[in-house]
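Geometric and topological summary
The lines below spell out each chain.
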Amino acid sequence: MITNGIATVAGLEFRLRLRTGRWRWLLASWLIVLTGIAALIRLSVRPEIVGEEVVDYTGSFMFGGLMLVVLGLALLIAPALAAQSVNGDRERGTLAPLQITGLTSWDLTIGKLLASWGTGAVFLLVTAPLALWCLAEGGLGIGRIFAVYAVMTLLIGVICAVSLGLSAAVARTTTSSVLAYLAVFTLTAGTGVLFALLLAVTSETVQQQSNGEVFSYSEQRPDRIWWVLAPNPFIILADAAPETPTTTFQLPDGTVIEQRQDADLLGALSQAARELRQPPEVFLPGNDVPEPTPEPAPVWPYGLGFQLVLAAGALLLTERRLRTPAGALPTGQRVA
Amino acid sequence: MTSLTGRGGNSGYGEPVVAESVAYDAPHAGVSARGLFRSFGPVGAVQGMDLEAYPGQVTALVGPNGAGKTTLLLILATLLAPDAGWVRVAGFDPSTAPGEVRARMGWAPDMLGFYDALTVAEYLDVMAAAHRIPAARRQQTIPAALAAARLVEQAPARVHTLSRGQKQRLSLARSLIHGPSVLLLDEPAAGLDPRSRIELHDLLRQLAVEGRTVLVSSHALDDLEEFADQVVFVDRGRTVASHRVDQLPAHAGPRLYRVRTLDAAALAQALDTRGVTATPAGPSAVDVQVFGGEANAARLLAELVEAGVPVTGFGPVGGSLEAAYLQLTDDPAVRR
Ligand SMILES: Nc1ncnc2c1ncn2[C@@H]1O[C@H](COP(=O)(O)OP(=O)(O)OP(=O)(O)O)[C@@H](O)[C@H]1O
Ligand SMILES: [Mg+2]
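Residues numbered from 1 in each chain as written. Chains lettered and ligands numbered in written order. Predicted model: local features only at pLDDT ≥ 70, side-chain atom pairs only at ≥ 80, totals over all residues. Heavy atoms only, no water.

Considering the overall build of chain A
- For chain A, the count of helices and strands is 14 helices and four strands.
- When its C-alpha atoms are laid out on the principal axes, chain A stretches across 80 × 50 × 35 Å.
- Residues classed as buried in chain A amount to 45% of the 336 residues present.
- Nonlocal contacts in chain A, meaning residues at least 24 apart in sequence, comprise 75% of its contacts between residues at least 6 apart.
- Of the roughly 16,700 Å² of accessible surface on chain A, a fraction of 65% belongs to carbon and sulfur atoms.
- Side-chain charges in chain A split into 21 positive and 25 negative, and the spacing between the mean points of these groups amounts to 24 Å. (Helix = DSSP H or I, 4+ residues; strand = E, 2+ residues; numbered from the N terminus. Buried < 20%, exposed > 50% of the residue type's maximum accessible area, 1.4 Å probe, protein only. Contact = heavy atoms within 4.5 Å. Areas by Shrake-Rupley, 256 points an atom, 1.4 Å probe, with all protein chains shown as cover. Lys, Arg positive; Asp, Glu negative; His and termini not counted. Charge placed at Lys NZ, Arg CZ, Asp CG, Glu CD.)

A closer look at the pairing of strand β12 (residues 285–290) of chain B
Residues and elements named next belong to chain B.
- Most of β12 is tucked away: five of the six residues are buried.
- Examined bridge by bridge, strand β10 (residues 255–261) and β12 share six bridges and lie antiparallel to one another. The residue of β12 that forms the bridge with Arg 255 is Val 290.
- Alignment of strand β11 (residues 278–280) against β12, held across three bridges, turns out to be antiparallel. Within β12, the position partnered with Ala 278 by the bridge is Val 288. (Pairing = 2+ DSSP bridges.)

Quick notes on the site of ligand 1
- With respect to spatial proximity, 16 residues lie near ligand 1, and among them Gly 66, Gly 68, Lys 69, Thr 70 and Thr 71 of chain B are the closest.
- One chain alone does not account for the residues near ligand 1; they come from chains A and B.
- The separation between an oxygen atom of ligand 1 and a polar main-chain atom of Gly 66 of chain B is 2.8 Å.
- One nitrogen or oxygen atom from the main chain of Gly 68 of chain B is found 2.9 Å from an oxygen atom belonging to ligand 1.
- Within the complex, the protein chains bury 75% of what would otherwise be the 630 Å² of accessible surface of ligand 1. (Near = heavy atom within 4 Å. Polar contact = N/O pair within 3.5 Å; in protein donor to acceptor, adjacent residues only side chain to side chain.)

Some remarks on the side chain of Thr 261 of chain B
Residues and elements named next belong to chain B.
- Among the structural elements, Thr 261 can be located in strand β10.
- Note on Thr 261: relative accessible area 3%, which makes it buried.
- A distance of 3.0 Å separates a polar atom in the side chain of Thr 261 from the backbone nitrogen of Asp 263.
- One polar contact links the side chain of Thr 261 to the main-chain carbonyl oxygen of Pro 310, over a distance of 2.9 Å.

Section: the nonpolar core
- Of all hydrophobic cores here, the largest spans 88 residues; its most connected members are Phe 63, Met 67 and Leu 237 of chain A together with Tyr 123, Leu 124 and Leu 170 of chain B.
- Among residues more than four places away in sequence, those in contact with Leu 237 of chain A are Met 67, Leu 71, Val 148, Val 151, Met 152, Leu 155 and Leu 266 of chain A.
- Membership of the second largest hydrophobic core comes to 33 residues, among which are Ala 67, Leu 72, Leu 215 and Val 234 of chain B. (Core = buried A, V, L, I, M, F, W, Y, C linked by side-chain atoms within 4.5 Å.)

Describing the environment of Arg 144 of chain A
Residues and elements named next belong to chain A.
- Positionally, Arg 144 belongs in helix α9 (residues 142–169).
- Under the relative-accessibility criterion, Arg 144 is labelled buried at 6%.
- Residues Arg 144 and Ala 240 lie 96 residues apart in sequence; the distance between their C-alpha atoms is 9.3 Å.

Side note on the domain arrangement of chain B
Residue and element names in this part refer to chain B.
- Looking at chain B, the domain boundaries give domain 1 (31–247) and domain 2 (255–330).
- The centre of domain 1, based on its C-alpha atoms, is set 39 Å off from the matching centre of domain 2.
- Contacts between the two partners involve 13 residues from domain 1 and, on the opposite side, eight residues from domain 2.
- Considering only the side of domain 1, the residues that lose the most area to domain 2 are Leu 221, Glu 225 and Phe 233, jointly responsible for 51% of the buried surface there.
- Between domain 1 and domain 2 we count zero salt bridges in total.
- Taken together, the connections running from domain 1 to domain 2 amount to zero residue pairs in polar contact (both at pLDDT 80 or more).
- The set of elements that each furnish at least two residues to the side of domain 1 that touches domain 2 consists of α8 (221–227), β8 (230–235) and β9 (238–244).
- Residue contributions to the side of domain 1 that touches domain 2 peak at four residues, all from α8.
- A per-class count over the side of domain 1 that touches domain 2 returns eight nonpolar, one polar and four charged. (Domains from an automatic or database assignment. Buried area = accessible area lost by both parts, 1.4 Å probe. Salt bridge = Lys/Arg side-chain N within 4 Å of Asp/Glu carboxyl O. Nonpolar A, V, L, I, M, F, W, Y, C, P; charged D, E, K, R; others polar.)

If you want it as structure tokens, here you go:
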């Protein structure tokens, strides 16, 4: 049997995590909390609260709310899984002995990533029964569940990779942990705050002539800065989910209207994000109806692309820092 | 041509072990380092070290704290890249062929870091896997390494339950796991009880007899005289001298002798009349500084006996290695 370096490292790290943490308790409480939240969301699905039409999509509504909560919590857990991976090993003196074996720096990098990412995936996997519950409630396609889980897994992997990179770049474990949480905060709250500020800064004054009178008003241009929000994990998750089913109505006059069911939180968030890309409505002279604009394009490919580039950069940095014989060292860092 | 010791004018300690022609012309499978430099920012940790450690010999690396011993061993162990210099370990250059060196070299760092959650046997198994030793062969190499380090009884114990001395032995077992031909041991005797120290010396001798190159850094000078073949003195990043242990010269500089007596007052008076300064070393002993070598010491003893001082003991303080060490590391010619 040929021993695989990545498998050796990942297996070792996974075994250590399994031995040291109180995983059973942690996973149990994680599932209990999420079950409670799912139950509360389920209870809130009453016509007088959320509206008549949502009741048909109870499963979809529950799933959307639940997944946003899961993502929020996962973003809190993921940095802890990897942010001390390299410098912690260095501090304990366990890294150098591995570096002088047949393992390459990529073995160590990818092995450590897989161990932390895999642990994060276990947390996600534990929530599968809740997704099945949502599925049973109806109005939710299985494809949507798979897509959301796949994107969430990727997002956790990105946070793990970034945290790993920080643990390799910074000598002190506390510093890298703080930086990892700052990175998550920047991606979530930071993008939102930056977007709001830029929205104010980039708003422009529009002069319009109407009935011979000229008046001016300030107009916001989110279509120019929508990309600031794109890397936000919540928006990526919401926007990457397959579209919710549409319902068709027949109006009394016989016209058929197709309406998108965006009653669940993921759908609403996705809709909002895409609408940001829409340029302001254009009124041609003498026309009271705005020119038709194309359906807004999705935002998530940009966000996810950005995140994947970020993760790739973090992994390259990690590998560089694990490469031996080491040249220049960051100040205050000893190889062993 | 500069001498191998880096200090051609250092007379009084005999000739360097190895004639230059041999050292520079005959490549060997041990360790060779010539003109080695490595600094960390402003700190010049290694500033021109030369070293030859031969197969079949135990070579000791001796020098004060901060002399650069650990840094040198890190360079030899393929963990640090030298700024300048020529290095061969087991016939390969650690900078350009680290993989070849790692397959033939075992390193025991000064820091004892292990994965605490694993048992001793599991830990060695992981390290052997990291060395890409197939599982079937690990069944033989691990018990052999455990036996060599006298850790057979501790095999099923968790690493964190081991005593410091046992961890030191585990570190040794780890360095032996892949049957290396060159061993680099950074203070392997630190924390060992007297019996374990003797066992370690026996093991190192045995490893050398098997044809391996053993390079040990140590502060236990008395011990070295018993098991090392060659001693390399380093100070302030430089090789100061390099000697065969059995050829350490009787030395001519000032040396401390301890005089024991039954009558402290008589001894003090006898020394006083001869203008010899004495420092108390216990209730019935004093240390005297003797200049001019062993002949003068013999003369002083004869005079004391003649003067009727009841002398019960008279001998140099510390071994010849210690004397050489003190002289070399406190030589104003070296201390620039
Ligand atoms: N990574 C590093 N960054 C900065 N300075 C370093 C680093 N590693 C070593 N040094 C410095 O280099 C010098 C040599 O250190 P080294 O550890 O090699 O000494 P040593 O001979 O092993 O000492 P000791 O006997 O105490 O173990 C010291 O002054 C040390 O402070
Ligand atoms: Mg040291």
